Amino acid sequence: MNILALDTSTESCSVALLFEGQLFEQSIMTQREHSQRILGMMNSLFNDAGTEIAAIDAVAFGRGPGSFTGVRVAVSVAQGIAFARDLPVIPVSTLAAVAQAAIESTDCQQIAVAMDARMGEIYSGSFVNQHGLAVPCSEEQVSAPAVFRPEGPGAWTGAGSGWTVYQNELQQNFANQLSGILPDLLPQATMIAKLADVEAQQGRLFPAAHALPVYLRNNVAQKKAAR
């Protein structure tokens, strides 16, 4: 399938196009301009690939967790395109995208993804490398760093921004099972596209109305007020 993928869940704003077996991408770092930049980036992407939006078969997106505003941008753009062109959508975990990037960077076998969730918490999930693909081996959660520990024996690679912000706590949790950390990895549309391609091959395609965000933290307003 020809798949358009996008992710705006963090300060990395990215789009990718898996077109006739080739992968094209556009990516920028920005704090608050995702909604203003994403459509222009998509136009540049189609120009690079020498095609147009009519050629795509599905729209994939980083469904979260991540920035509330950023995740909403990705969901709304994906849903808008899918409704307008009667295309299916493929939601992909942003934590899985980070784990996939770790696999492609180091060929690590077990990945502990921790993304900074602010307010003293992390978004986390554990993944294993199955034939080069990140496969979850735990539920995704939002929690204090102290809660996130190895899901099993063997060496684990830490990945994601949480390993910078909460490095001491997380290294202590994983102790002698930690083989290395990749703290600079962020969700990217290229990884979203690769994981979405597998989802599509397995028939996990959804109607546009099912393009929904995954926040993990639903009571953020109350927590902010309490603090």
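Our structure is the block above this text.
The structure contained in this document is the topic of the report that follows.

Reading the values: the criteria
- Residues numbered from 1 in each chain as written.
- Predicted model: local features only at pLDDT ≥ 70, side-chain atom pairs only at ≥ 80, totals over all residues.
- Heavy atoms only, no water.
- Phe/Tyr/Trp six-rings, centres within 6.5 Å; stacked < 30°, edge-to-face > 60°.
- Helix = DSSP H or I, 4+ residues; strand = E, 2+ residues; numbered from the N terminus.
- Buried < 20%, exposed > 50% of the residue type's maximum accessible area, 1.4 Å probe, protein only.
- Core = buried A, V, L, I, M, F, W, Y, C linked by side-chain atoms within 4.5 Å.
- Contact = heavy atoms within 4.5 Å.
- Pairing = 2+ DSSP bridges.
- Axes fitted to C-alpha atoms, helices over the stretch in contact; angles between N-to-C directions.

Our focus in this paragraph is the packing of aromatic side chains. Within this structure, the stated rule accounts for four aromatic pairs. Considering the side-chain rings of Phe 68 and Tyr 215, the 4.5 Å spacing of their centres and the 10 degrees angle between planes classify their relative orientation as stacked. One end of the pair, Phe 68, is in helix α2 (residues 68-85); the other, Tyr 215, is in the loop between α6 (189-201) and α7 (220-226), with 147 residues separating them in the sequence. What makes Tyr 215 buried here is its relative accessible area of 17%. Relative to Phe 174, the ring of Phe 148 lies with its centre 5.5 Å away and its plane at 65 degrees, an arrangement referred to as edge-to-face. In this pair, Phe 148 is assigned in the loop between β9 (141-143) and β10 (156-159) and Phe 174 in helix α5 (residues 167-174), connecting sequence segments 26 residues apart. Members of the aromatic cluster, each reached through a chain of ring pairs, are Phe 148, Trp 156, Trp 163 and Phe 174.

Before going further, it helps to spend a moment on the nonpolar core. By size, the foremost hydrophobic cluster in this structure holds 63 residues, and its most contacted members are Leu 17 and Ile 111. The biggest single contributor to this core is α2, with nine residues. With residues near it in sequence (within four places) discarded, Ile 111 still touches Ala 99, Ala 102, Ile 103, Gly 125, Ser 126, Phe 127, Val 128, Asn 129, Trp 156, Thr 157 and Ala 159. Membership of the second largest hydrophobic core comes to ten residues, among which are Ala 114, Phe 148, Trp 163 and Tyr 166.

On to the pairing of strand β2 (residues 12-19), then. In terms of residue burial, β2 counts as a mostly covered element, since eight of its eight residues are buried. The antiparallel hairpin formed by strand β1 (residues 3-7) and β2 contains four residues in its connecting segment. Across eight bridges, β2 lies against strand β3 (residues 22-29) in antiparallel orientation. Looking at β3, one finds that Val 15 is bridged to Gln 26.

Next up on the list: the sheet that holds β3. In space, the five strands of this open sheet follow the order β3-β2-β1-β4-β5, with mixed pairing throughout. Each edge of the open sheet is held by one strand with a lone partner, namely β3 and β5 (89-92). Taking each pair of neighbouring strands and ignoring which way they run, the sheet shows an average axis angle of 15 degrees. Of the pairings in the sheet, the one linking β1 to strand β4 (residues 58-62) comprises four bridges and is parallel in character. Bridge pairing in β4 links Ala 5 to Ala 60.

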